[in-house]
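Breakdown of the fold
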Amino acid sequence: GIPERVMLSYLQGEIEGETAVKNLPAAILLIVWFLMMNLSHELPPTIQSIEKAIDFDITENANFAFSSPLYMGHKNFMDVNTFADWYSWMNLGFSAIYFPSTHAVSEGANFSMGTQTFLEASTYLIHNRKIGGVQLSQQRLFSSECSNPIVANALELTCLDYRGLDLRLKPTELDVSQQDFYEDTNRTVWIDYLMEFPATTVSQQLRELEQSGWLDDGTYRAKVSFMTYNQIYDVLTTTSVHFLFAISGHIFKQITHRSFKLAAHSEWESWLYEVLFFGHITIIFLCEGWEAISTLRENKWKLVKAWKAYWNFWNVVDWVSIMLAYAILITWISQCTGQDELSLTLKDYWGLHTSCRNSSGMQSSECLAARAYDSQLFQQVEELGYVVRANRFISGFYPVCIMMRLFKAFAAQPRLAIVTKTLALAANDLTHFGIVFLSIFFTYVAMGMAFFGREVEAFASFDRACLALLEALMGEFSVEEMELSGRPIAFFFFGTYMMAAVLLLLNMLIAILMDVYGQVAAGSRTSESLWHECWDIMRRGAQKWTGENTPLAEIVKKYVEKNGPECLESDKVIYIEDVLSSVPGLLRRQAEEEMTSALEEFALENTPDIQISEVISTMGRYFGNGAASPAVSPRDLEKIVQQVAKCPPNRGALASSDVDNANVQQAAEEIV
């Protein structure tokens, strides 16, 4: 016989294990569908190829500060440090790569290849078509109250302030591209190179801008933007070269892009991966919804009771993954709609610009309409860029949800659940460790900002200091920069941080996890492996197909219906006849197999883990003829262990001829 709760607990565990193994392929497929869909949306190789080519051309080929005979330019846009440098770069550097009028020839050639045709002038980097003109725009500072009006008034100074991007420290590409650009439309200038071709006035326009002081002390951000289209990849790209005039006087430079494949579903694979991924998510949504409704019905539509019964950590993971997936779908639909609108807008481009070139001049109604069209096109691309960034941001975090769903599938299989069980059992110790670690970590963040904040950029702000110290934990650090504040300070800070954070705290973290991991791994050794569970599923499925097997869930359901829910916690010993009478249709062979397996698992889980040293130490106290001997010393114990290893089973140190049976029984009871 076997206790009821032991048998039912075993069957429920088998059901959960089977469910976990069956759900594992679906969880793995979800990450596969997402990966393939995301790659078809993002097109990383294609987009990066185009954007890196433009970056390289601007950095390496748009040169100024030429030496005679005007073949070698010594500076690029990163060397723009004054207003004059900006105009030089625009006139000699950017104009050379984007506004050419003649064909380039090899160095030293004494011949000319003639002027370019309109189609040749409309081409950029061989395969990219220029779209519209080049937009020069800027954001201005505005007047504000001085923080120290006494000194400011005494020195007859006017204070200015800014909106948006903070330029006290060097911004990242993300900061520059995503922060709002408060454009002063009164200062926006268009260089309509293609509209004027071949009678271009680019140089004249730039000279007029310089003479009129287009850039001045009130300029905060200046941007040079142009648009290109690659017909082979069907990618529209807007490139902006930013010049950021910090109030400190430094000029930061940054290149940003916004790129889109206009026909998002030109290949059938895109549709396929989207249908697979969002179809998968919809199935999860329906299953979770049905589970929630079933829980409500079981609890007679009592919301509070049903809420407590339904909500757990893994259900939260499911619903978060569902909501984020549909958020990706919404942003993707918005992106596709915007790309379709761009395609429709571009249909009118050639006709409008051709009408302008055939008109009487740049002030004609046709050219004004073409310029308004270009402005609208740039605005459309800018707005669509925010949608694309939102989609990428959500998509970047979504794999975390998929990873948690994998952990959910692992949780019911003991061999796969080692990681999650280790973290769960170590949670209390990890919480206390985290308090100690964060206290020390943020102490060093404050110390680093105090010591190096003025000299080392990595410690100039709280977020940068946190990142720098996290990188130091992984071995990425620069002591040379710290030495700017003095070697003794650098030695003290770096040395104590390495001792406290790396040598002490990280090793303590590893020790905490390994200690719990050892316990979890030892407890899971008696559990079935993944392959064994797969075999059991296939075996039971085949037997069910031939009518030789009753599903485990049906056995549990019928047994509980017959004997009541209290049987789940009952220690009543039951026999095969009890199970057969409670579950009509159950074969005796299957009942014997399941009850035997339940008993074996219960015995394995409850067998004490006794080391050989414990056995010998305890038995040593009972050597002799019925009288207990003194405890064995460590040295004698070692000798006994060696004897046991060498002696045959019937002549060992504990052979039955040397030890009284009553003493053996007493020693065994003490061990257990």
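Residues numbered from 1 in each chain as written. Predicted model: local features only at pLDDT ≥ 70, side-chain atom pairs only at ≥ 80, totals over all residues. Heavy atoms only, no water.

1. Examining the overall build of the protein
Scanning the protein for helices and strands turns up 25 helices and 12 strands. Counting all 672 residues of the protein, 39% fall into the buried class. (Helix = DSSP H or I, 4+ residues; strand = E, 2+ residues; numbered from the N terminus. Buried < 20%, exposed > 50% of the residue type's maximum accessible area, 1.4 Å probe, protein only.)

2. Examining empty space enclosed by the protein
Rolled over the atoms, a probe with the dimensions of a water molecule shows which regions are left empty. Evaluation of the coordinates by the stated rule reveals 1 cavity of 30 Å³ or more. A volume near 40 Å³ is recorded for the largest cavity. Taken together, Met-7, Leu-11, Ile-555, Val-579, Leu-586, Ala-591, Glu-594 and Met-595 make up the full set of residues lining the largest cavity. Put simply, the parts of the chain that give the lining of the largest cavity at least two residues each are helix 1 (4–42) and helix 22 (588–606). Of the residues forming the lining of the largest cavity, the biggest block, 3 residues, is contributed by helix 22. (1 Å grid on protein atoms, 1.4 Å probe; cavity = no way out; pocket = protein on both sides within 12 Å on 5 of 7 lines; lining within 4 Å. Points joined across faces, edges and corners; volume = space filled by probe spheres on them.)

3. Here's the deal with a nonpolar patch on the surface
A grouping of Trp-307, Trp-311, Val-316, Val-320 and Met-323 is seen on the molecular surface, where their side chains present a nonpolar patch of about 490 Å² in accessible area. It is helix 11 (residues 313–346) that provides the largest number of residues to the nonpolar patch, a total of 3 residues. Mapped onto the fold, Val-320 is located in helix 11. Residue classification places Val-320 among the partly exposed residues on the basis of a relative accessible area of 32%. (Patch = residues over 30% accessible without salt bridge, like charges linked within 9 Å, V, L, I, M, F, W, Y side chains within 5 Å. Areas by Shrake-Rupley, 256 points an atom, 1.4 Å probe, with all protein chains shown as cover. Salt bridge = Lys/Arg side-chain N within 4 Å of Asp/Glu carboxyl O.)

4. Describing the pattern of salt bridges
Counted under the stated rule, the structure contains 15 salt bridges. A salt bridge links Asp-318 to Lys-408; its shortest N-O distance comes to 2.4 Å. Here Lys-408 lies in helix 13 (residues 365–411) and Asp-318 lies in helix 11, a separation of 90 residues in the sequence. Note on Lys-408: relative accessible area 29%, which makes it partly exposed. The network of salt bridges with shared partners includes Glu-288, Asp-318, Arg-405 and Lys-408.

5. Thoughts on the nonpolar core
Grouped together as the largest cluster of nonpolar side chains are 57 residues, with contacts concentrated most on Ile-58, Trp-86, Trp-89, Phe-94, Leu-136, Val-224 and Phe-243. Excluding residues within four positions of it along the chain, Trp-89 makes contact with Ile-58, Ala-62, Phe-64, Asn-76, Phe-77, Val-80, Phe-94, Val-224, Val-241 and Phe-243. Counting 28 residues, the second largest nonpolar core, distinct from the first, contains Phe-452, Cys-466, Phe-494 and Ala-500. (Core = buried A, V, L, I, M, F, W, Y, C linked by side-chain atoms within 4.5 Å. Contact = heavy atoms within 4.5 Å.)

6. Quick word on the packing of aromatic side chains
According to the stated counting rule, one finds 43 aromatic pairs in the structure shown. Ring plane angle 40° and centroid distance 5.4 Å describe the contact between Phe-34 and Tyr-398, whose orientation is recorded as tilted. Remark: Tyr-398 occurs in helix 13 and Phe-34 occurs in helix 1; sequence separation between them is 364 residues. Here the two residues Phe-34 and Tyr-398 agree in accessibility, since each one is buried. Note on Tyr-98 and Phe-99: the rings are 5.6 Å apart at their centroids and 85° apart in plane angle, and the pair reads as edge-to-face. The buried category is assigned to Tyr-98, whose relative accessible area is 2%. (Phe/Tyr/Trp six-rings, centres within 6.5 Å; stacked < 30°, edge-to-face > 60°.)

7. Details of the side chain of Lys-261
Looking at the secondary structure, you find Lys-261 in strand 11 (residues 251–261). For the buried Lys-261, which has no salt bridge, the nearest side chain bearing the opposite charge is Asp-234, at an N-O separation of 4.1 Å. A distance of 3.5 Å separates polar atoms of two side chains, one belonging to Lys-261 and the other to Ser-266. Once residues within four sequence positions are removed from consideration, Lys-261 is found in contact with Leu-43, Tyr-233, Asp-234, Val-235, Ser-266 and Gln-339. (Lys, Arg positive; Asp, Glu negative; His and termini not counted. Polar contact = N/O pair within 3.5 Å; in protein donor to acceptor, adjacent residues only side chain to side chain.)

8. Concerning the confidence of the model for the protein
On average, residues of the protein score 84 in pLDDT, and 87% of them are at 70 or above. When the criterion is pLDDT under 50, residues 623–632 qualifies, and its contacts beyond four places in sequence or with other chains add up to 24 contacts. Here residues 644–659 is modelled with pLDDT under 50, and outside its nearest four sequence neighbours on either side it reaches 17 contacts, counting other chains as well. (pLDDT = per-residue confidence, 0-100.)

9. Here we look at the state of the cysteines
Counted according to the given criterion, the structure contains 2 disulfides. Residue pairing for Cys-146: its cysteine sulfur links by disulfide to Cys-159, the two sulfurs lying 1.7 Å apart. Taking the torsion about the sulfur-sulfur bond, which here is approximately 110°, the covalent link between Cys-146 and Cys-159 counts as right-handed. Taken together, the residues Cys-146 in the loop between strand 6 (142–143) and helix 5 (149–154) and Cys-159 in the loop between helix 5 and strand 7 (160–161) connect sequence positions 13 residues apart. The residue that forms a disulfide with Cys-356 is Cys-367, at a sulfur-sulfur distance of 2.0 Å. With the S-S bond torsion at 95°, the cross-link from Cys-356 to Cys-367 turns out right-handed. With Cys-356 in helix 12 (residues 349–357) and Cys-367 in helix 13, the pair connects residues that are 11 residues apart, well separated along the chain. One exposure class covers both Cys-356 and Cys-367, and it is buried. Taken in N- to C-terminal order, the disulfide-linked cysteines of the protein are connected 1-2, 3-4. (Disulfide = S-S within 2.5 Å.)

10. Thoughts on helix 13
Along an α-helix, residues three or four apart share an orientation, since each turn contains 3.6 residues. Compared with the 69 Å implied by 1.5 Å per residue over 47 residues, the 70 Å span of helix 13 between its first and last C-alpha is a close match. A bend of about 25° at Phe-397 is the largest found in helix 13, and the proline Pro-399 appears one to four places after it. (Expected span 1.5 Å × (residues − 1). Bend = angle between axes of the 7 residues up to and from the residue.)

11. Thoughts on unusual backbone geometry
At the junction of Phe-197 and Pro-198, the peptide bond is cis and its omega measures out at 5° in the coordinates. The backbone of Ala-65 shows a phi angle near 60°, a positive value even though the residue is not glycine. Looking at the element boundaries, Ala-65 is found in strand 2 (residues 64–67). Judged by relative accessible area, Ala-65 falls into the partly exposed class, the value being 30%.

12. Points about helix 1
If you check helix 1, its first and last C-alpha atoms are 56 Å apart, about what 39 residues at 1.5 Å a residue would give, namely 57 Å. Of all the bends in helix 1, the greatest, near 30°, is centred on Asn-23, and the proline Pro-25 appears no more than four residues after it.

13. Considering the side chain of Ser-177
On the secondary structure map, Ser-177 appears in helix 6 (residues 173–178). Taking relative accessible area as the criterion, Ser-177 reaches 6% and is therefore assigned buried. Polar contacts involving the side chain of Ser-177 include one to the main-chain carbonyl oxygen of Leu-174, which spans 3.3 Å. Setting aside residues no more than four positions away along its own chain, Ser-177 makes contact with Thr-256, Arg-258, Tyr-386 and Arg-389.

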